[in-house]
Amino acid sequence: MESQLLNEVIEKSNEYVLGTYVRAPFVLERGEGMWVYDTEGRAYLDFGAGISVNNLGHCDPGVVAAVTAQIAQLSHTCNLFYTAPQAELAEALCQSSFADKVFFANSGAEAIEAAIKFARKYALVNHGPGKTGIVVFTGAFHGRTAGALAMTPKERYQAPFRPLMPGVTCAPFNDSEAALEAIGPETCAVFVEPVQGEGGINPADVAFLQTLRDACDRVGALLVFDEIQCGIGRTGTLWAYEQTGVTPDMMTAAKALGGGLPIGATLLTDRVAAALEPGDHGSTFGGGPVVCRAALAVLERVSDPALLAHVREMGARLVDGLHAINSPHIIAVRGRGLMVGVELDVEVGPVIAAGWARGVVMLNAGTHVLRLLPPLIVEPEHIDTLLAALSDILWEIDAV
Ligand SMILES: *Cc1c(COP(=O)(O)O)cnc(C)c1O
């Protein structure tokens, strides 16, 4: 028997929350570590981590303690005032990366919007007017706000909202020759995910990224890495770009950075920062003390070499196990660290729904790719549970 609470929440949501999402038919109430629990007391092993957000698992005690202490001390001030948590987080982000400066926002899309403005201003100051073009790639996802949407080349997302922000060119992903053609004197920035998330878990080739780096340097454009999904330890290094040997001029981070609270960050070099001045951009909540304390707790943990080694080890175990399932429905397994895509020859929607019935949460990336993004604290027994469930589900497909 389903509880009254379950039905009430679903009915109320459907009546009052704008219907822009398709949701699972249960109500989540509580989370702990690798697990989330619904109102019926059912447990789900979480291999989605809220789309690569809960990288330390649910309700990590360190994050909870940091947030609880800060919210009781000073929850908000706005950016007219200095606060220690923001200063410390900016320092930690810069010391952990190529960056010299950070701008704080509240989401991934906002971090992208900031990067668009910074690239345009940098080009204006350094090269004069007209250098406003932005190059993105097929399969990219940079967000849903107006600017970011123009850089997310998916017809389904873009079509109802035209005209989009002008100046965006889309070139084929991992195609160096096409990228060289797309990047020209009018280009102010090239945006790329070192590992594409929504687009199907597609790692960028190192040679491709190096080609982008060289082309940007040649035309005076900025190379921007979108690490909103693949950053914060997800791929087995703190930042995914560390595995490529290619360094960007700007980088966006969000999702896992806030330990479950909303945050976005745009990281940049001093060379880019020199083009920006007071009044060029702003945010009421960006870099608030509570989320910065949460992010400091997250960064400290995911920077630990032992945790990053664990991510690589668990990622390899997951990929090996997926290959061992040996299902004819698995076309490809790809990814980096604990960012793993499983391309199937069937639609993944029913596979994901079958997972819920077995107490596992998996995500999709498009219609035919299962996306597995467990919390980085995942242990071998969790991977084995996921693999057993997925194996059963894939074999059942043929039985029906
Ligand atoms: C999720 C995501 C975004 C958008 O972030 P929001 O917080 O949803 O606005 C942008 N880029 C990438 C790579 C993402 O995965």
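Residues numbered from 1 in each chain as written. Predicted model: local features only at pLDDT ≥ 70, side-chain atom pairs only at ≥ 80, totals over all residues. Heavy atoms only, no water.

### Regarding the domain arrangement of the chain
For the chain, the assigned domains are domain 1 (4-60 + 305-397) and domain 2 (74-302). The C-alpha centroid of domain 2 is placed 27 Å from the C-alpha centroid of domain 1. Listed by partner, the interface residues are 29 residues for domain 1 and 25 residues for domain 2. Between domain 1 and domain 2, a total of about 2,200 Å² is buried, with carbon and sulfur atoms accounting for 59% of that surface. The largest per-residue losses of area from domain 1 upon contact with domain 2 belong to L308, R336 and M339, which jointly make up 29% of the total buried on that side. (Domains from an automatic or database assignment. Contact = heavy atoms within 4.5 Å. Buried area = accessible area lost by both parts, 1.4 Å probe.)

### What about the sheet that holds strand β5 (residues 133-137)?
On the basis of which strands lie adjacent, the open sheet formed by seven strands has the order β4-β12-β11-β10-β7-β5-β6 and mixed pairing. This sheet does not close on itself; its edge strands, each paired only once, are β4 (101-105) and β6 (168-171). Averaged over all adjacent pairs, the angle separating strand axes in this sheet is 20°, with direction ignored. (Pairing = 2+ DSSP bridges. Helix = DSSP H or I, 4+ residues; strand = E, 2+ residues; numbered from the N terminus. Axes fitted to C-alpha atoms, helices over the stretch in contact; angles between N-to-C directions.)

### What to know about the layout of surface pockets
When its volume is computed, the second largest pocket comes out at roughly 680 Å³. Considering the residues around the second largest pocket, the lining is formed by 26 residues, among which Q86, V102, F103, F104 and H281 are closest to the centre. Going through the elements one at a time, α4 (84-95) and β4 are the ones with two or more residues in the lining of the second largest pocket. Within the lining of the second largest pocket, the residues separate by chemical class into 14 nonpolar, eight polar and four charged. (1 Å grid on protein atoms, 1.4 Å probe; cavity = no way out; pocket = protein on both sides within 12 Å on 5 of 7 lines; lining within 4 Å. Points joined across faces, edges and corners; volume = space filled by probe spheres on them. Nonpolar A, V, L, I, M, F, W, Y, C, P; charged D, E, K, R; others polar.)

### Describing the nonpolar core
L93, F137, L212, L318, L322 and M362 are the most contacted members of the largest nonpolar core, which totals 84 residues. A per-element tally of this core places helix α11 (residues 289-302) first, with ten residues. There are two domains that each give this core at least three residues, and those are domain 1 (4-60 + 305-397) and domain 2 (74-302). If we ignore the near neighbours within four places in the chain, the residues touching L93 are V102, F104, W239, L257, A265, L267 and L299. By size, the runner-up hydrophobic cluster in this structure holds 26 residues, among which are Y122, V136, L222 and A275. (Core = buried A, V, L, I, M, F, W, Y, C linked by side-chain atoms within 4.5 Å. Buried < 20%, exposed > 50% of the residue type's maximum accessible area, 1.4 Å probe, protein only.)

### Some details on unusual backbone geometry
Of the consecutive residues R162 and P163, the connecting peptide bond is found in the cis state with omega at 0°. Turning to its location among the elements, P163 is positioned in the loop between α7 (155-158) and β6. Although it is not a glycine, S52 sits at a positive phi angle of roughly 60°. Take S52: it is sitting in helix α2 (residues 49-52). We note that I201 has phi near 55°; this positive angle belongs to a residue other than glycine. In this fold, I201 is placed in the loop between β8 (195-196) and β9 (202-203).

### Structural notes on the state of the cysteines
Throughout the structure, instances matching the rule amount to zero disulfides. With no disulfide of its own, C292 lies 12 Å from the sulfur of C94, the closest cysteine sulfur. (Disulfide = S-S within 2.5 Å.)

### Brief notes about the pattern of salt bridges
In a structure, side chains of opposite charge can pair up when their charged atoms sit close to one another. As enumerated under the stated definition, the model contains 15 salt bridges in all. A salt bridge links K101 to D270; its shortest N-O distance comes to 3.1 Å. Pair noted here: K101 is in strand β4 and D270 is in helix α10 (residues 270-273), with a separation of 169 residues, a long-range link. Using a relative accessible area of 42% as the deciding quantity, one classes K101 as partly exposed. By relative accessible area, D270 is classed as partly exposed at 39%. A salt bridge links R334 to E343, with the shortest nitrogen-to-oxygen separation between them at 2.8 Å. On the basis of relative accessible area, R334 is assigned to the partly exposed category, the value being 22%. Among the charged side chains, a network of salt bridges with common partners joins R213, D217, D249 and R271. (Salt bridge = Lys/Arg side-chain N within 4 Å of Asp/Glu carboxyl O.)

### Things to note about the pairing of strand β7 (residues 187-192)
Among the six residues of β7, six are classified as buried, and the element is accordingly described as predominantly covered. Where β5 meets β7, three bridges bridge the pair, whose relative direction is parallel. Note on β7: the bridge partner recorded for G133 is T187. Here four bridges tie β7 to strand β10 (residues 222-226), and the two strands are oriented parallel to one another. Residue A189 lies in a different strand from β10, and its bridge partner there is L222.

### Examining the site of the ligand
In the vicinity of the ligand, the contacting residues are S107, G108, A109, F141, H142, G143, E193, D226, I228, Q229 and K255. Contact distances for the ligand include 2.7 Å between a nitrogen atom and a side-chain N or O atom of D226. In isolation the ligand offers 390 Å² of accessible surface; the protein chains occlude 82% of this area. Among the residues making up the shell around the ligand, the classes are represented as three nonpolar, five polar and three charged. (Near = heavy atom within 4 Å. Polar contact = N/O pair within 3.5 Å; in protein donor to acceptor, adjacent residues only side chain to side chain. Areas by Shrake-Rupley, 256 points an atom, 1.4 Å probe, with all protein chains shown as cover.)

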